[in-house]
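# Understanding the architecture of this molecule
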Amino acid sequence: MEKALLLYSGGLDTSVMISWLQEKLSLSVSTLTLDVGNTDLNAIAAKAESLGAYPVFVHDAKDQFADRFIAKSIMSNGNYEGYPLSTALARPLMAEEAVHYAHKIGAKYIVHGSTGRGNDQVRFEVSIKAFDPSIEVLAPVREWNMMRSDEIEYAKTHGIPVKLDGKYSIDENIWGRSVEGPDIEDIGKGLPEDVYEWIVPPWKAEKNVEITLAFDGGIPTEMNGEKMKLSDLIMKLNALAGSAGIGLIDHVENRVVGLKSHEVYECPAAAVITHAHRYLESLILNRNEAEVKMMLDWHFSKFVYGGLWHDPVMNAINAAEAEFNRDITGEIRMKLFGGHIFNEGAWGSTFIYNRDLINYSSSKFDQRVSKGFIEVYGNATVHSHNRKTAVDQEMAGSYFDL
Ligand code: ARG
């Protein structure tokens, strides 16, 4: 019997998939579940076993995810069209591990539960193929043409426990939670209140939270005076910042496959850490560095969003980002209230921000030199502004006549 390794979440789609792969394709099914946040690995493993999967692999990947993926995204201010990358960061790790476990058991197929409408199919498949082009990828949801009601029916007739997962499609990891679903698709309506799970909506949040973060080389290493590993810091900060209404993003995005989708993101820790990181960057990097970094950040996010984490260009981007982050060291104190982040001070020995240069009454910067600077700097604009062709002049005249 050929072997298949299924990336198993424990939800309805992938549970139905175990039986479907056995029954329809006569495959021997093994499952892999990675914990990148809030996953009950024991319950999921037990469910996979009860459905006849063997072997069943579970793997706590929170530190791997934080240290290799989120850390790079923090350094690059990873953000797609206005929300922090999160699902997009976890997929390449899942693909890596899937290939690793597939090799271990000699599986010919890797199976994932993504639909044909989203980005995740792209992310899984590009990474899997990059690691091992000989592995065949199956995405049954793209092919089996079952509606949700068909899946429930199939589950009932095959003894698959149907814990109805609710009306939303949710993907979460420690860096963020994203929610899709029919109630959110209707753009003519506001968001239903039951979509929020990590965050007290800002209009209800009454908590006033003080957070101090210390960064070392672009990565937060300490929160409120306590040294913590990154994954723990993120999970603690999610709870604290979520209680103050931070990190709720209602967003319509342009997917890789050319479709637009309306989703809700909850990302309290990502919002605070990115805010703090950007603030430190503004105090530490010079203008040239900031300008180049902004473009690199954009490329980092675009490639990661588009499933190209394992493209060699990322090695170059990540190396440059690491260099830009080398001196991003310092501390920032923030007050979080009603969904907003207020700065309460920042300190660091690598800051090039210099109060004495900008202060009105200080003589450290000789203001008189600005006059000559403007003359030279403005030359091109001043001397070309009145250059007009006959046609331009005529048009300008007619505009003024109106
Ligand atoms: N739109 C996000 C992305 O492509 C999240 C996708 C998964 N979300 C979900 N609710 N199933 O990265």
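Note: the structure precedes this text.
So, here is what we can say about the structure in this document. (Residues numbered from 1 in each chain as written. Predicted model: local features only at pLDDT ≥ 70, side-chain atom pairs only at ≥ 80, totals over all residues. Heavy atoms only, no water.)

## Some points on the environment of His 59
We apply this condition: Only DSSP runs of H or I covering at least 4 residues are called helices, and only runs of E covering at least 2 are called strands; the numbering of each starts at the N terminus. The contact criterion used is simple: two residues touch if any of their non-hydrogen atoms lie within 4.5 Å. Any N or O atom pair separated by 3.5 Å or less is treated as a polar contact, with the protein-specific requirement of one donor-capable and one acceptor-capable atom, and with residues adjacent in sequence counted only for side-chain atom pairs.
Within the secondary structure, His 59 is located in strand E3 (residues 56-60). C-alpha separation for the pair His 59 and His 383, spaced 324 residues apart in sequence, amounts to 66 Å. Setting aside its immediate chain neighbours within four residues, His 59 contacts Leu 32, Thr 33, Leu 34, Asp 35, Leu 41, Gln 64, Glu 97 and Tyr 101. At a separation of 3.1 Å, a polar atom in the side chain of His 59 contacts the side chain of Gln 64.

## Focus on the pairing of strand E9 (residues 176-180)
We count it as follows: Each residue is placed in one exposure class: buried if its accessible area under a 1.4 Å probe, protein chains only, is under 20% of its type's maximum, exposed if it is over 50%, and partly exposed if it falls in between. A strand pair is defined by DSSP finding two or more bridges across the two strands.
Among the five residues that make up E9, four are buried, leaving the element largely enclosed by the rest of the structure. In sequence, strand E8 (residues 169-173) turns back onto E9 through a hairpin of two residues. In the sheet, E9 pairs with strand E14 (residues 260-266) via three bridges, with the strands oriented antiparallel. Within the sheet, the bridge partner assigned to Val 179 lies in E14 and is Val 264.

## Things to note about the packing of helix H4 (residues 87-105) against helix H5 (residues 120-131)
Heads up, the condition is: Only C-alpha atoms enter the line fits that serve as axes; for helices the fit covers just the stretch in contact. Angles between N-to-C directions range over 0 to 180 degrees. Crossings are classed by handedness, with left-handed meaning an anticlockwise turn of the near helix from the far one by less than a right angle and right-handed meaning a clockwise turn.
Taken N-terminus to C-terminus, the directions of H4 and H5 make an angle of 40 degrees; their axes are 9 Å apart at the nearest point. In the packing of H4 onto H5, the handedness of the crossing is right-handed. The residues of H5 that touch H4, namely those facing Thr 87, Ala 88, Arg 91, Pro 92, Met 94, Ala 95, Glu 96 and Val 99, are Asp 120, Arg 123, Phe 124, Ser 127, Ile 128 and Phe 131.

## Describing the nonpolar core
How we decide: Nonpolar cores were defined as sets of buried Ala, Val, Leu, Ile, Met, Phe, Trp, Tyr and Cys residues, with membership established by side-chain atoms within 4.5 Å.
Ranked by internal contacts, the top residues of the largest apolar core, which has 75 residues, are Phe 65, Leu 213 and Leu 237. At eleven residues, H4 tops the list of elements feeding residues into this core. For Leu 237, the contacting residues outside a window of four places in its chain are Ile 211, Leu 213, Met 223, Gly 242, Ala 269, Val 272 and Ile 273. By size, the runner-up hydrophobic cluster in this structure holds 25 residues, among which are Leu 21, Ile 44, Val 111 and Tyr 154.

## Considering the sheet that holds E8
Strand order across the open sheet formed by four strands is E8-E9-E14-E13, with antiparallel pairing between neighbours. Bordering the open sheet on either side are E8 and strand E13 (248-254), each of which pairs with just one other strand. Here the average twist between neighbouring strands, direction ignored, is 25 degrees.

## Quick word on the pattern of salt bridges
Under the convention used in this document: Take a side-chain nitrogen of Lys or Arg and a carboxyl oxygen of Asp or Glu: if they are within 4 Å of each other, that pair is a salt bridge.
Inspection of every chain in the model, using the stated rule, returns 27 salt bridges. For the salt bridge of Glu 23 with Lys 24, the shortest nitrogen-to-oxygen distance reads 3.2 Å. Between Arg 177 and Glu 266 there is a salt bridge whose closest N-O contact spans 2.6 Å. With Arg 177 in strand E9 and Glu 266 in strand E14, this pair connects stretches of sequence that are 89 residues apart.

## A short note on the site of the ligand
We apply this condition: One heavy atom suffices: a residue is near a molecule or strand as soon as one of its heavy atoms comes within 4 Å of it. Where accessible areas are quoted, they stem from the Shrake-Rupley method and a 1.4 Å probe; at the residue level, only the protein chains shown are allowed to cover.
Within the structure, the ligand sits among 16 residues, and Asn 119, Ser 169, Ser 178, Glu 263 and Tyr 265 are positioned closest to it. One of the backbone nitrogen or oxygen atoms of Ser 169 is found 2.8 Å away from a nitrogen atom of the ligand. Between the ligand and Ser 178, the relevant distance is 2.7 Å, taken from a nitrogen atom to a side-chain nitrogen or oxygen of the residue. Protein chains shield 92% of the accessible area of the ligand, which is 350 Å² for the free molecule.

## Section: H5
Test applied: In this scheme, a helix's expected span is set at 1.5 Å multiplied by one less than its residue total. Summarising the geometry, the arc corresponds to the directions from the helix axis toward the C-beta atoms.
In a regular helix each residue adds 1.5 Å, so twelve residues correspond to 16 Å; H5 covers 17 Å between its end C-alpha atoms and thus fits that length. Buried within H5 are the following residues: Asp 120, Gln 121, Arg 123, Phe 124, Ser 127 and Ile 128. Summarising the axial view, the buried residues of H5 lie within an arc of 165 degrees, below the 170-degree limit, and thus occupy one face. Of the surrounding elements, those touching the buried residues of H5 are strand E1 (3-7), H4, strand E6 (109-111), strand E7 (136-138), helix H6 (140-143) and helix H11 (287-305).

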